[in-house]
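# Geometric and topological summary
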Amino acid sequence: MHLVTGAAGVIGAHLAHQLHPEGAPLLLCDFAPDAVRARHLDGLEAHPFVDAANVFTAGAPLPSLGPHGSGVRAVWHLGANSSTTTRDWDHLLHVNVGASQQLWRWCAEHGVPFHYASSAATYGDGAMGFSDRTPAGQLVPLNRYGRSKNDFDAWVRQQVATGAPQPPPWAGFKFFNVYGAREGHKGRMASIIWKAERDMATLGRVQLFASNHPDFADGEQRRDFVYVGDVVDEMRWVHAHGAPGDSSSAGTGVASTFLEMIRAYCAARGEEPTIQFIPMPESLVGQDQNITQADMSTMRAAGWTQAPVLPPEGVARTLDEMRTLGCR
């Protein structure tokens, strides 16, 4: 049985829907989903669902998985508070750090492989580059979400360095700017493609944040936009091969501008782009990365050879999947 936390989220739902037709028994875990996120689980009703609020209880030494726990043979820990603007450090500490530590210890005790979601937000403004070999202690995230992910990365490295029990094997994934279908619940944290769909439906044009950095013109801010299918493929490859057995980047290795993403979006719709630049909200000033670009050398050295799906193709796939699934 595969335990998937964050199963009603973007990456978790895509992983679960890929595993399901292969006959893999799943244990789906998330906080009780609202109507939008519940639709992400359509077709997975045969698999048991456990409420994360009951699994990761404050102060519990181990997660309580109930009668299903004994059947878990792999853990995909993709659940988290992914809001880059949240100020509630206690909540981030409980959900993003404490719950992850509970699952790590449980997997170490029970001999279960453990895969977890880190984030490119750990790299901060990129001054230290985007190599997954950079020690967590040298990174300075721009927001509390990034700090929570970096704190868990640092804790994992400490466990390994001190010879503490660890899952056999384990792997972390520093997800870059993931986009794809099933993002409708994310609101302000949704990808630029989802925001473009919303803007076109309500405004008839796409709004982008104007640059607040002299090195970047409006719309020329760059991110490593990675199609959700790519990160699922990478995670499953690591699980199958047991490599690289460490934290690794999950991106394309290519930094695309927001304008390039919108051009790909409009091309997939057969339209000319109409763009309006608006001021960045005060809540994001100083907390938003102007460039991210994954260094994929660790995965390549481990034998990962799959070519990335770049924005022109990935955006077209996303729009097709959104319409097929009926989710916007």
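In what follows, the accompanying structure is described. (Residues numbered from 1 in each chain as written. Predicted model: local features only at pLDDT ≥ 70, side-chain atom pairs only at ≥ 80, totals over all residues. Heavy atoms only, no water.)

All right, on to the side chain of Asn 96 then. Relative to the helices and strands, Asn 96 is located in helix H4 (residues 89-110). Judged by its relative accessible area of 2%, Asn 96 is buried. Of the polar contacts made by the side chain of Asn 96, one reaches the side chain of Ser 148; its length is 3.0 Å. Sequence-distant contacts of Asn 96, defined by excluding residues within four places in its chain, comprise Ala 80, Asn 81, His 91, Tyr 145, Ser 148 and Phe 152. (Helix = DSSP H or I, 4+ residues; strand = E, 2+ residues; numbered from the N terminus. Buried < 20%, exposed > 50% of the residue type's maximum accessible area, 1.4 Å probe, protein only. Polar contact = N/O pair within 3.5 Å; in protein donor to acceptor, adjacent residues only side chain to side chain. Contact = heavy atoms within 4.5 Å.)

Turning our eyes to something else, we now look at the pattern of salt bridges. Applying the stated criterion to the full structure yields twelve salt bridges. Its salt-bridge partner being Glu 22, residue Arg 236 comes within 2.6 Å of it at the nearest N-O pair. Separated by 214 residues along the polypeptide, Arg 236 in helix H7 (residues 228-241) and Glu 22 in the loop between helix H1 (10-19) and strand S2 (26-30) bring together distant segments of the chain. Residue class for Arg 236 comes out partly exposed when judged on its relative accessible area of 22%. The partner of Arg 133 in a salt bridge is Asp 132, and the shortest N-O contact between them spans 3.0 Å. A relative accessible area of 38% means that Arg 133 is categorised as partly exposed. (Salt bridge = Lys/Arg side-chain N within 4 Å of Asp/Glu carboxyl O.)

For the rest of this paragraph, the subject is the environment of Asp 199. Position of Asp 199 among the secondary structure elements: in helix H6 (residues 192-202). Counting along the chain gives 109 residues from Asp 199 to Pro 308, while the straight-line C-alpha distance between them is 28 Å. Those residues in contact with Asp 199 that lie beyond four places of it in its chain are Gly 204, Arg 205, Val 206 and Gln 207.

On to the packing of aromatic side chains, then. Scanning the model with the defined rule gives 13 aromatic pairs in all. Between Phe 114 and Tyr 116, the ring centres sit 5.8 Å apart and the planes meet at 20°, which makes this aromatic pair stacked. Comparing Phe 114 with Tyr 116, the two get one shared label, buried. An angle of 20° between the planes, with centres 5.7 Å apart, marks the rings of Phe 152 and Trp 155 as stacked. In this pair, Phe 152 and Trp 155 both sit in helix H5 (residues 144-161), three residues apart, roughly one turn of the helix. Following the ring pairs from residue to residue traces out a cluster consisting of Trp 104, Phe 114, Tyr 116, Phe 152, Trp 155 and Trp 170. Directly above the ring of Trp 89 sits Arg 147, whose terminal nitrogen or CZ lies 3.8 Å from the centroid. Above the plane of the ring of Tyr 123 lies Lys 174, whose end atom (NZ or CZ) is 4.9 Å from the centre. (Phe/Tyr/Trp six-rings, centres within 6.5 Å; stacked < 30°, edge-to-face > 60°. Lys NZ or Arg CZ within 6 Å of the ring centre and 35° of its normal.)

What follows deals with the layout of surface pockets. Considered as a void within the structure, the second largest pocket measures approximately 170 Å³ in volume. When the residues that make up the lining of the second largest pocket are grouped by side-chain class, the tally is three nonpolar, five polar and two charged. (1 Å grid on protein atoms, 1.4 Å probe; cavity = no way out; pocket = protein on both sides within 12 Å on 5 of 7 lines; lining within 4 Å. Points joined across faces, edges and corners; volume = space filled by probe spheres on them. Nonpolar A, V, L, I, M, F, W, Y, C, P; charged D, E, K, R; others polar.)

Below, the discussion takes up the nonpolar core. Inside soluble globular proteins, nonpolar side chains tend to come together where they are buried. Counting residues in hydrophobic clusters, the biggest one holds 62 residues, and the most contacted among them are Ile 11, Leu 78, Phe 175 and Tyr 265. Top element by residues in this core is helix H8 (residues 258-269). It accounts for seven residues. Excluding residues that lie within four positions of it along the chain, Phe 175 makes contacts with Ile 11, Leu 78, Ala 117, Ser 118, Ser 119, Ala 120, Val 231, Met 235 and Ala 250. By size, the runner-up hydrophobic cluster in this structure holds 21 residues, among which are Leu 3, Phe 56, Trp 104 and Phe 152. (Core = buried A, V, L, I, M, F, W, Y, C linked by side-chain atoms within 4.5 Å.)

Here we take up the sheet that holds strand S4 (residues 74-77). Strand order in the open sheet made by the seven strands is S3-S2-S1-S4-S5-S6-S11, with parallel pairing throughout. With one partner strand each, in any of the chains shown, strand S3 (49-51) and strand S11 (247-250) form the two edges of the open sheet. Between one strand and the next, the sheet's axes are offset by a mean angle of 20°, whatever the strand orientation. The pairing of S2 with S3 spans three bridges and is classified as parallel. Across the sheet, Leu 28 pairs through a bridge with Phe 49, a residue of S3. Across the sheet, H4 lies against strand S1 (2-5), S4, strand S5 (114-119) and strand S6 (170-175), angled at about 170° from S4, the strand it touches most. Running over the sheet, H7 touches S1, S4, S5, S6 and S11 and is turned about 165° from S6. (Pairing = 2+ DSSP bridges. Axes fitted to C-alpha atoms, helices over the stretch in contact; angles between N-to-C directions.)

Moving on, we get to the environment of Arg 188. In this fold, Arg 188 is placed in the loop between strand S7 (177-179) and H6. Given the relative accessible area of 48%, Arg 188 is considered partly exposed. On a C-alpha basis, the gap between Arg 188 and Thr 84 in space is 9.5 Å, while along the polypeptide they are 104 residues apart. In this view, Arg 188 contacts Thr 85, Lys 195, Pro 281, Ser 283 and Leu 284; residues no more than four positions away in its chain are not counted.

In the segment running from Pro 168 into Pro 169, the intervening peptide bond is cis, with an omega of -10°. Omega for the peptide link from Ala 243 to Pro 244 comes to 0°, which places this bond in the cis form. With respect to the secondary-structure elements, Pro 244 resides in the loop between H7 and S11. Backbone geometry at Arg 182 places phi at a positive 70°, although glycine is not the residue there. Tracing the backbone shows Arg 182 in the loop between S7 and H6.

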